[in-house]
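Single-letter residue listing:
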Amino acid sequence: AQSVAQPEDQVNVAEGNPLTVKCTYSVSGNPYLFWYVQYPNRGLQFLLKYITGDNLVKGSYGFEAEFNKSQTSFHLKKPSALVSDSALYFCAVSDRGSTLGRLYFGRGTQLTVWP
Amino acid sequence: GAGVSQTPSNKVTEKGKYVELRCDPISGHTALYWYRQSLGQGPEFLIYFQGTGAADDSGLPNDRFFAVRPEGSVSTLKIQRTERGDSAVYLCASSPLITDTQYFGPGTRLTVL
């Protein structure tokens, strides 16, 4: 069965430092991988996705993520964090088979960036 | 352009009542999805539509839940005989095709007393 794990409930970093939010997945076949961000009382906003090709994906607001097939990971990264990056981040996976169209989400990681 | 909109933003109802939640997708998006997000959890898939038909409704928890999209645009999620455990944020998303990025609305917070 398809699943996503975000092993850290919370990540705290100082402004200006690099940040990493971890995600591992389990899916049959090749995945589609996504990162979304959720601000309080707002819906999910799309950040970036991996479909195929280059393992390093660049997205909105300076975020990037690296697809690692051998480790089944898709960690979100940013070289220099901003206080405004503080939010709840969700990793999601979709397979390319019978459940195409369904996104499976992790539980989310609360990122706090301290000034 | 306009994003996905959902109404109402908040709905409070009593146990046993019937509720309808509405989703207006991005214009031209053929695929529409419903998810449910409980407190402290990631969104869980409920159902998705390709055009007017439900392509996958396997995430609906039981037969009290039903969704329609009669004209291939607006969708309504219907919950009969609501229970306290139905309290959650119901999210709607749309995409041009099912292989494309899903864009989410702000959600409807349902509270069942």
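Reading the values: rules and limits
- Residues numbered from 1 in each chain as written.
- Chains lettered and ligands numbered in written order.
- Predicted model: local features only at pLDDT ≥ 70, side-chain atom pairs only at ≥ 80, totals over all residues.
- Heavy atoms only, no water.
- Buried < 20%, exposed > 50% of the residue type's maximum accessible area, 1.4 Å probe, protein only.
- Helix = DSSP H or I, 4+ residues; strand = E, 2+ residues; numbered from the N terminus.
- Pairing = 2+ DSSP bridges.
- Disulfide = S-S within 2.5 Å.
- Phe/Tyr/Trp six-rings, centres within 6.5 Å; stacked < 30°, edge-to-face > 60°.
- Polar contact = N/O pair within 3.5 Å; in protein donor to acceptor, adjacent residues only side chain to side chain.
- Contact = heavy atoms within 4.5 Å.
- Core = buried A, V, L, I, M, F, W, Y, C linked by side-chain atoms within 4.5 Å.

## So, the pairing of strand β7 (residues 65–68) of chain B
It is a general feature of regular strands that their side chains alternate between the two faces of the sheet.
All names here are of chain B.
So, step 1. Side chains Phe65 and Ala67 of β7 all project onto a buried face; the interleaved residues Phe66 and Val68 project onto a face where none is buried.
So, step 2. With four bridges connecting them, β7 and strand β8 (residues 75–79) associate as antiparallel partners. From the neighbouring strand, valine 68 faces β8, where its bridge partner is threonine 76.
So, step 3. Linking β7 back to β8 in an antiparallel pair, the connection comprises six residues, with glycine 72 at a positive phi of about 80°.

## A word on the state of the cysteines
So, step 1. Using the criterion set out here, one finds two disulfides over all chains in the structure.
So, step 2. With its sulfur 2.0 Å from that of its partner, cysteine 23 of chain A forms a disulfide with cysteine 91 of chain A. Given an S-S torsion of about -60°, the disulfide between cysteine 23 of chain A and cysteine 91 of chain A has left-handed geometry. With cysteine 23 of chain A in the loop between β3 (19–21) and β4 (24–26) and cysteine 91 of chain A in strand β10 (residues 87–94), this pair connects stretches of sequence that are 68 residues apart. Each member of the pair, cysteine 23 of chain A together with cysteine 91 of chain A, is buried.
So, step 3. For cysteine 23 of chain B, the disulfide goes to cysteine 92 of chain B, at an S-S distance of 1.8 Å.

## Concerning the packing of aromatic side chains
Note on aromatic pairs: each is described by the distance of the centres and the angle between the planes.
So, step 1. Applying the stated criterion across every chain, the model contains 15 aromatic pairs over all chains.
So, step 2. Pairing tyrosine 36 of chain A with phenylalanine 105 of chain A gives two aromatic rings, centres 6.0 Å apart and planes at 50°, and the pair type is tilted. Here phenylalanine 105 of chain A lies in strand β11 (residues 104–105) and tyrosine 36 of chain A lies in strand β5 (residues 32–38), a separation of 69 residues in the sequence. Pair check on accessibility: tyrosine 36 of chain A and phenylalanine 105 of chain A agree, each one buried.
So, step 3. A centroid spacing of 5.7 Å and a plane angle of 90° characterise the contact between phenylalanine 105 of chain A and tyrosine 35 of chain B, whose relative ring orientation is edge-to-face. In this pair, phenylalanine 105 of chain A sits in strand β11 while tyrosine 35 of chain B sits in strand β4 (residues 31–37), so the two residues belong to two different chains.
So, step 4. An aromatic cluster of at least three residues, connected via ring pairs, comprises Phe34, Tyr36, Phe46, Phe90 and Phe105 of chain A together with Tyr33, Tyr35, Phe45, Tyr48, Tyr103 and Phe104 of chain B.

## Focus: the side chain of glutamate 64 of chain A
Residue and element names in this part refer to chain A.
So, step 1. Within the fold, glutamate 64 resides in strand β8 (residues 64–68).
So, step 2. Side chain to side chain, glutamate 64 and lysine 58 meet in a polar contact 2.9 Å long.
So, step 3. Those residues within four positions of glutamate 64 in sequence are excluded, and the remaining contacts are Leu48, Leu56, Val57, Lys58, His75, Leu76 and Lys77.

## Some thoughts on the nonpolar core
So, step 1. Core analysis: the biggest nonpolar cluster contains 28 residues, and Trp35, Leu47, Leu48, Phe74, Leu76 and Tyr89 of chain A have the highest contact counts within it.
So, step 2. Elements with a minimum of two residues in this core: β2 (10–14), β3, β5, β6 (44–50), β8, β9 (73–78), β10 and β12 (109–114) of chain A.
So, step 3. Top contributing element to this core by residue count: β10 of chain A, with four residues.
So, step 4. What leucine 48 of chain A contacts, discounting residues up to four positions off in sequence, is Leu33, Phe34, Trp35, Val57, Lys58, Gly59, Phe63, Glu64, Ala65, Phe74 and Leu76 of chain A.
So, step 5. Counting 20 residues, the second-largest nonpolar core is a separate cluster that includes Val4, Cys23, Phe49 and Val112 of chain B.

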